[in-house]
Amino acid sequence: MKTKILFYFLLMISATGCGLFEDDPDPAQPAITPALQLESELNLLATSVNTGLTIEYGYEFEPLVEGTIKSFIVNMPAGDTYRVTLWDSEKQEMLISLNIDASRDVTTNSQEINYRVYPNRNYTVSVYTEHWKRYNYQNNETFFPRIIGDIRMVRYAENTNAASSSIDLMLFPNEYSNSIMQGIVDIEFIPQN
């Protein structure tokens, strides 16, 4: 009897080690931060702080797979509280918006938001601020659209009509460029397993 129990015990350990009695989870997908990854290829042209011109700027993107935006990210030349917004690009409607307390020139993530996004839909992530770093690519070449991981960065987007001292002003960034970027606002994207 003891031999049978020992045999079944060893069989259970062996089978469990092979994954027969457990769900084999997919390996964790690494987070994609498109703007931060793109920044390393760009030239920093100028840094502007306390300009008196508050604009909404960011970039339009399309997920190539279903996934989750885990958090928003900012890297700004001045410490401040930054309102970051995710928009439905087609409807020009706000989906989620929150404030991030950020330090100067430090990459800062928001709290976890875990917002689900889908392929074949365009979104825009933007920040409302009067601080920015202006980037371009070599010889002013276009660098959008660009695929980084499972995200297609469509184009830079801004709204200069958002100039106001009111943090409550919410204007969709509908002015576009393919050859500049005004600072780093980003998403932390996790593809669906």
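Our structure's up above, just so we're on the same page.
Computed from a predicted structure; not experimentally measured.

Chemist: Tell me about the overall build of the chain, and please be specific about residues and values.
Modeler: Counting its regular elements, the chain contains two helices and 14 strands. Counting only residues that meet the buried cut, the chain has 44% of its 193 residues in that class.

Chemist: I'd like to hear about the pairing of strand S2 (residues 55-63), residue by residue, with values.
Modeler: Both faces of the sheet carry side chains from a regular strand, because those side chains alternate between them. The buried count for S2 comes to nine of nine residues, which makes it a mostly enclosed element. With seven bridges joining them, S2 and strand S8 (residues 123-129) adopt antiparallel strand pairing. Counted as the bridge partner of Ile-55 is Thr-129 from S8. With eight bridges connecting them, S2 and strand S11 (residues 151-159) associate as antiparallel partners. Looking at the pairing, Phe-61 lines up with Met-153 of S11.

Chemist: Lay out the side chain of Thr-85 in plain terms, naming residues and giving numbers.
Modeler: Relative to the helices and strands, Thr-85 is located in strand S4 (residues 80-88). Residues contacting Thr-85, with those up to four places away along its chain left out, are Glu-56, Phe-72, Met-94, Ile-96, Ser-97, Thr-124, Val-125, Ser-126 and Met-170.

Chemist: Can you break down the packing of aromatic side chains residue by residue, with the values?
Modeler: A complete count under the given rule lists six aromatic pairs for this structure. Ring geometry for Tyr-57 and Trp-132: centres 6.4 Å apart, planes at 90°, overall edge-to-face. On the criterion of sequence distance, the pair formed by Tyr-57 in strand S2 and Trp-132 in strand S9 (residues 132-136) is long-range, its members being 75 residues apart. Neither Tyr-57 nor Trp-132 differs from the other in exposure class; each is buried. Their ring planes at 40° and their centres at 4.7 Å tell us that Phe-143 and Phe-144 sit as a pair that is tilted. In this pair, the class of Phe-143 matches that of Phe-144, namely buried. Among the aromatic residues, those joined into a cluster by ring pairs are Tyr-59, Phe-61 and Tyr-123. The aromatic ring of Tyr-137 is capped on one face by Arg-146, whose charged end is 5.7 Å from the ring centroid. Residue placement shows Arg-155 over the ring face of Tyr-176; its charged tip is 3.5 Å from the ring centre.

Chemist: Describe the pattern of salt bridges, and please don't skip the residues or the numbers.
Modeler: Taken as a whole and assessed by the stated rule, the structure comprises nine salt bridges. Its salt-bridge partner being Glu-112, residue Lys-70 comes within 4.0 Å of it at the nearest N-O pair. Taken as a pair, Lys-70 in strand S3 (residues 67-75) and Glu-112 in the loop between strand S6 (108-109) and strand S7 (115-117) lie far apart in primary sequence, 42 residues in all. Between Arg-121 and Asp-88 there is a salt bridge; the shortest N-O distance is 3.6 Å. Of this pair, Arg-121 sits in the loop between S7 and S8 while Asp-88 is found in strand S4, placing the two residues 33 residues apart along the sequence. It is possible to trace a salt-bridge network through shared partners that takes in Arg-104, Asp-105 and Lys-133.

Chemist: Give me the lowdown on unusual backbone geometry, citing residues and values where you can.
Modeler: The amide bond that connects Phe-144 to the next residue, Pro-145, takes the cis arrangement and shows omega of -5°. Relative to the helices and strands, Pro-145 resides in the loop between S9 and strand S10 (146-148). One non-glycine residue, Asp-105, lies in the positive phi region at around 55°. By the element assignment, Asp-105 lies in the loop between strand S5 (93-102) and S6. A residue is classified by how much of its surface remains accessible, and Asp-105, at 41% relative accessible area, is partly exposed.

Analysis parameters
Residues numbered from 1 in each chain as written. Predicted model: local features only at pLDDT ≥ 70, side-chain atom pairs only at ≥ 80, totals over all residues. Heavy atoms only, no water. Helix = DSSP H or I, 4+ residues; strand = E, 2+ residues; numbered from the N terminus. Buried < 20%, exposed > 50% of the residue type's maximum accessible area, 1.4 Å probe, protein only. Pairing = 2+ DSSP bridges. Contact = heavy atoms within 4.5 Å. Phe/Tyr/Trp six-rings, centres within 6.5 Å; stacked < 30°, edge-to-face > 60°. Lys NZ or Arg CZ within 6 Å of the ring centre and 35° of its normal. Salt bridge = Lys/Arg side-chain N within 4 Å of Asp/Glu carboxyl O.

Note that all results are geometric; they support no functional claim without further evidence.
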